[in-house]
Amino acid sequence: MAFFLETLLGGLMAGMLYSLVALGFVLIYKASGVFNFAQGAMVLFAALAMARFSEWIPLYTGIDNLFVANLLAFIGAGIMMFGVAWLIERLALRHLVNQEGTTLLMATLGISYFLDGIGQTIFGSDIYKIDIGMPKDPIIAFESVFEGGILINKEDLYAALIAAVLVGLLTLFFQKTVTGRALRAVADDHQAAQSIGIPLNRIWVIVWCVAGVVALVAGMIWGSKLGVQFSLTTVALRALPVVILGGLTSVPGAIVGGLIIGVGEKLSEVFLGPYVGGGIEIWFAYVLALVFLLFRPQGLFGEKIIDRV
């Protein structure tokens, strides 16, 4: 039982990180109705900014306090992501208002390649680290309940808590704020939203800024765990099954989808892997997403495509 709970907790914590990356896809889709292929590049760009600023600030200012240096680096990277969001709206999206979804899709592909290139130009192409002070040593919990206790990775636990807090704040933002409701209206119909006075350009800037913050937090966590390198863009691929499972239009769906896939990967690898030679964790999420595409393409909480036409 203890081993099962240990695996379950590991899956839940991994699932929260998947949900965090998936939220970036959902945010942009809700605002523009197009799948944002630039999300992986945004995670990488934000992580590079965080990593390099956390190096440069102590070097050029003499600040040796890790918390202060990381806080200033986070603020600087956040400002940079806001600037990126503003430039994307000003130079690209503003000129594509009311265009076909395919046009917007191609625009996000172009933005992705641009961010990859400019990130390498500004910050370099080496492997960088982000040290935000999260403890990496595991702990033993519930020793009085289970023999030997349950092994929990502290870094994964803190990362999952950070992701959970951000996910909760974003959920409240969409459900309880005027801007969140305006964003949902824009997602339903751009022209109708404009006709009732919703400023489409401003909404797009806001949502890209929010997606930039989400990318920054995701990049900071994944960079702390794996190091900041250009293969970090592939982390976004792990979130694709999450948005398919939960639904492209649903913030709660991104959360539930991430948890299901995180738990499913861990449990299937641990309990079924030995019987099939292992490797289930690599393809489990994509097979599950394929099943949903065949039988419920809108996902668990998404809207049917016919309802959005």
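Below, the structure is looked at part by part. (Residues numbered from 1 in each chain as written. Predicted model: local features only at pLDDT ≥ 70, side-chain atom pairs only at ≥ 80, totals over all residues. Heavy atoms only, no water.)

Glancing now at the overall build of the protein chain. Helix and strand counts for the protein chain come out as 13 helices and two strands. For 309 residues, the compact-globule estimate of 2.2 N^0.38 gives 19 Å, and the protein chain sits close to it at 20 Å. Across its three principal directions, the C-alpha atoms of the protein chain cover 65 × 55 × 35 Å. Out of the 309 residues in the protein chain, the part that is buried amounts to 48%. Counting contacts in the protein chain only where the partners sit at least 6 residues apart, residues at least 24 apart contribute 75% of the total. (Helix = DSSP H or I, 4+ residues; strand = E, 2+ residues; numbered from the N terminus. Rg over C-alpha atoms; globule rule 2.2 N^0.38 Å. Buried < 20%, exposed > 50% of the residue type's maximum accessible area, 1.4 Å probe, protein only. Contact = heavy atoms within 4.5 Å.)

This paragraph deals with the packing of aromatic side chains. According to the stated counting rule, one finds five aromatic pairs in the structure shown. A ring pair is formed by F53 and F123, whose centres lie 6.1 Å apart and whose planes are at 80°; its orientation type is edge-to-face. Remark: F123 occurs in helix 4 (residues 101–123) and F53 occurs in helix 2 (residues 39–61); sequence separation between them is 70 residues. The exposure class assigned to F53 is buried, which follows from its relative accessible area of 17%. Residue classification places F123 among the buried positions, given a relative accessible area of 2%. Taken together through their ring pairs, the aromatic side chains of F45, F53, W56 and F123 make up a single cluster. (Phe/Tyr/Trp six-rings, centres within 6.5 Å; stacked < 30°, edge-to-face > 60°.)

Burial of the side chains of strand 2 (residues 150–153) is restricted to one face: I150 and I152 are buried, whereas none of L151 and N153 on the reverse face is. Relative to strand 2, strand 1 (residues 138–141) runs antiparallel, the two sharing four bridges. Paired with A141 across the strands is I150, a residue of strand 2. (Pairing = 2+ DSSP bridges.)

This next bit is on a nonpolar patch on the surface. A surface patch of nonpolar side chains, about 850 Å² in accessible area, is lined by I282, W283, V287, L290, V291, L293, L294 and F295. Structurally, L294 can be placed in helix 12 (residues 280–295). (Patch = residues over 30% accessible without salt bridge, like charges linked within 9 Å, V, L, I, M, F, W, Y side chains within 5 Å. Areas by Shrake-Rupley, 256 points an atom, 1.4 Å probe, with all protein chains shown as cover. Salt bridge = Lys/Arg side-chain N within 4 Å of Asp/Glu carboxyl O.)

On to the nonpolar core, then. With 93 residues, the main nonpolar core has L20, V21, W208, W222 and V228 as its most contacted residues. The greatest single-element share of this core, amounting to 17 residues, is contributed by helix 8 (residues 200–226). If we skip the residues at most four places from it in the chain, W222 touches L17, Y18, V21, G227, L232 and V235. (Core = buried A, V, L, I, M, F, W, Y, C linked by side-chain atoms within 4.5 Å.)

In this model, helix 5 (residues 154–176) (23 residues) spans 33 Å end to end at C-alpha, consistent with the 33 Å of a helix rising 1.5 Å per residue. Within helix 5, burial applies to E155, A159, A160, A163, L166, V167, L170, F173 and F174. (Expected span 1.5 Å × (residues − 1).)

Mapped onto the elements of the fold, E100 is located in the loop between helix 3 (66–91) and helix 4. Exposure remark for E100: the relative accessible area of 60% places this residue in the exposed category. A C-alpha to C-alpha distance of 30 Å links E100 and A218, two positions 118 residues apart in sequence.

Our focus in this paragraph is helix 10 (residues 251–271). Between its terminal C-alpha atoms helix 10 stretches 30 Å, which fits the 30 Å expected from 21 residues at 1.5 Å a residue. For helix 10, the N-terminal capping position is held by S250, with its side-chain oxygen 2.8 Å away from the main-chain nitrogen of G253. (Polar contact = N/O pair within 3.5 Å; in protein donor to acceptor, adjacent residues only side chain to side chain.)

Another aspect to go through is the environment of G262. Summarising the element assignment, G262 is placed in helix 10. By relative accessible area, which is 0% here, G262 ends up buried. In this structure the C-alpha to C-alpha distance between G262 and G11, which are 251 residues apart in sequence, comes to 4.5 Å. Residues in contact with G262, not counting those within four places in the same chain, are G11, G15 and Y18.

Further remarks concern the side chain of T7. Its location among the elements puts T7 in helix 1 (residues 2–32). You can call T7 buried: its relative accessible area is 10%. In contact with T7, other than residues within four places in its own chain, are K266, L267 and V270.

A few words now on the environment of A46. Inspection of the secondary structure assignment puts A46 in helix 2. The spatial distance from the C-alpha of A46 to the C-alpha of V34 is 22 Å, given a sequence separation of 12 residues. Ignoring anything within four residues of it in the chain, the contact list for A46 reads A77, M81, A215 and L216.

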